[in-house]
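Chain and residue survey
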Amino acid sequence: MWRRWRSVGGVFVTALKLGLTSFGGPVAHIGFFHKEYVERLKWVNETQFGNLNALCQIMPGPSSSQLGIGIGMLRAGWLGGAAAWLGFTLPSACLLLSFALGLETWSSGQTGWLQGLLLVAVAVVAHAVWGMAKHFTPDRERMSIAVAALAASYFFASPYIGVVIMLIAACAGCWLYRNEDIKVKPVDHEMNAPLISRTSGIVSLGVLIGGLCLLPWLVSWSSGIALSLFDMMFRTGSLVFGGGHVVLPLIKSELAHMGWLTEETIVAGYGAAQAVPGPLFTYAAYIGASIGNGGQAILFGMIALVGIFLPSYLMMGAALPFIEHIYRIVWISRALKGANAAVVGLLIAAWYDPIFTTAVQTPLQFVVAVTALVLLVYWKLPSWSIVIAAALTGSLLFTP
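Model, not experiment: these values are computed from the prediction.

Our next topic: the nonpolar core. Met 233, Tyr 283, Tyr 286, Ile 287 and Met 316 are the most contacted members of the largest nonpolar core, which has 125 residues in total. Looking at this core element by element, the count peaks at 16 residues for helix α5 (residues 112–136). Apart from the residues within four sequence positions on either side, Ile 287 is in contact with Met 233, Ile 251, Leu 255 and Leu 261.

Here is the structure:
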């Protein structure tokens, strides 16, 4: 028992160190994980790391966080997965909670720096859209799916439209690429996750499906904001493909029908999220804290944070005992082609409204946004440095 708790503690400390230092988004996070977990600690080997990373790419949710959770589960079971999530998430969640708590006070006297954060979001999402478009829409079929998703997101206003679009796009991918030959990759047999039984994996999947089915029903019988917030984040964490940048359009779509936050507040937090280490999904903590009032802010932030990450924890626990069988389901790869193409369309829609329409009102603001994009794309500056520079520039140029 003591050895198990020591393993859990080691997972937490290691994940916390990564959470404090991992800047640069999911791709950079995976590089940090490889160096720490494979090269230095040797908790997993190259094959295990590669298989686990591939599994995270085909599941919805935050891929880098799921990878950490999976390694934590292989190391110390269910508690290890929880420790890995908590350590990696805690630093950025605390920073974004603090930002949400101080936003009203800070923005009451000066708004220029806030405008700078909005312009950073324009640059960051534009960069993400371009990168994802090159990767996810390389042919006319997938580009057509992306355009259809973009159009549908505007013509059908509903908090569930993002989820519906993703499901339809996945079906379209299965049909369009039905004749494509999918090669099954070999799986390291040590990946059977002995600390997590198949029975508990099935229970975990049942909890996930039960949450998706029961939470909307409970919300319909309750007028509480906390339950509605948890339901919104749980659904988002369960069905979002494409990484942290896709969280914004899905949350924006949900919030548009609730009237809880202004678009300026939504986009400002997204800009601030670029400056912190760790997963971008901790943006949910900012949203929850911004919705809460006074003493409820921290509570709502925690509810939103747990809600959006819980599906990833449940999915990883459900998938690990069956990983070899999952890789043999060839239609998953075909469905992902369509779903990821739809992600590009949804991200373009979110980039235009609310990000661009909220942030860019004057030619000077457009110039600042383009400059931030050039620094990000061509000068390869880290996101956090561009956030700081944009906030300072905004204070100088846009403060009344």
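Following the structure, the description resumes.
Take the side chain of Thr 358 next. Mapped onto the fold, Thr 358 is located in helix α15 (residues 331–359). Setting aside its immediate chain neighbours within four residues, Thr 358 contacts Leu 118, Glu 263 and Glu 264.

With 15 residues, helix α17 (residues 383–397) extends 21 Å from end C-alpha to end C-alpha; this agrees with the ideal 21 Å at 1.5 Å per step. Taken together, the buried positions of α17 are Ser 385, Ile 386, Val 387, Ala 390, Ala 391 and Gly 394. Those residues of α17 hidden inside the fold are in contact with α5, α11 (263–273) and α16 (363–377).

Across the junction of Asp 353 and Pro 354, the peptide omega takes the value 25 degrees, indicating a cis bond. Its place among the elements puts Pro 354 in helix α15. Even without being a glycine, Lys 42 presents a positive backbone phi close to 60 degrees. The class for Lys 42 is exposed, based on a relative accessible area of 62%. Non-glycine residue Lys 380 carries a positive phi angle of around 60 degrees. Residue position: Lys 380 is located in the loop between α16 and α17.

What follows is about a nonpolar patch on the surface. Taken together, the side chains of Phe 366, Val 370, Val 374, Tyr 378, Trp 379 and Leu 381 make up a nonpolar region of the molecular surface, amounting to roughly 650 Å² of accessible area. Considering the arrangement of structural elements, one finds Tyr 378 in the loop between α16 and α17.

As a further point, take the confidence of the model for the protein. Mean pLDDT for the protein: 87, with 93% of residues reaching 70 or above. Mean pLDDT across the elements of the protein bottoms out in helix α14 (residues 323–326) (76) and peaks in helix α13 (residues 296–319) (95).

Take the environment of Ala 15 next. For Ala 15, the location among the structural elements is in helix α1 (residues 2–21). Sequence separation between Ala 15 and Gly 77 is 62 residues, and the spatial gap between their C-alpha atoms is 15 Å. Setting aside residues up to four positions removed in sequence, Ala 15 forms contacts with Tyr 37, Ala 83, Ala 84, Gly 87 and Phe 88.

Running from N to C, α5 and α15 point in directions that differ by 160 degrees, and their axes come no closer than 9 Å. As judged from the angle between their axes, α5 and α15 are roughly antiparallel. Like other packed secondary-structure pairs, α5 and α15 cross with a definite hand, here left-handed. In this structure, α5 contributes Gln 115, Leu 118, Leu 119, Ala 121, Val 122, Val 125, Ala 126, Ala 128, Val 129, Met 132, Ala 133 and Phe 136 to the contact, and α15 contributes Asn 340, Ala 341, Val 343, Val 344, Leu 347, Ile 348, Trp 351, Ile 355, Phe 356, Thr 358 and Ala 359.

Let's shift gears to the environment of Ala 285. Looking at where Ala 285 falls in the secondary structure, it is placed in helix α12 (residues 283–291). Taking the C-alpha atoms as reference points, Ala 285 and Gly 307, separated by 22 residues in sequence, lie 9.8 Å from one another. For Ala 285, the residues in contact, after removing those within four places along its chain, are Ala 93, Leu 97, Gly 301 and Leu 305.

What counts and what doesn't
Residues numbered from 1 in each chain as written. Predicted model: local features only at pLDDT ≥ 70, side-chain atom pairs only at ≥ 80, totals over all residues. Heavy atoms only, no water. Core = buried A, V, L, I, M, F, W, Y, C linked by side-chain atoms within 4.5 Å. Buried < 20%, exposed > 50% of the residue type's maximum accessible area, 1.4 Å probe, protein only. Helix = DSSP H or I, 4+ residues; strand = E, 2+ residues; numbered from the N terminus. Contact = heavy atoms within 4.5 Å. Expected span 1.5 Å × (residues − 1). Patch = residues over 30% accessible without salt bridge, like charges linked within 9 Å, V, L, I, M, F, W, Y side chains within 5 Å. Areas by Shrake-Rupley, 256 points an atom, 1.4 Å probe, with all protein chains shown as cover. Salt bridge = Lys/Arg side-chain N within 4 Å of Asp/Glu carboxyl O. pLDDT = per-residue confidence, 0-100. Axes fitted to C-alpha atoms, helices over the stretch in contact; angles between N-to-C directions. Parallel < 35°, antiparallel > 145°, perpendicular 65-115°, else oblique. Left-handed = near helix turned anticlockwise from the far one by under 90°.

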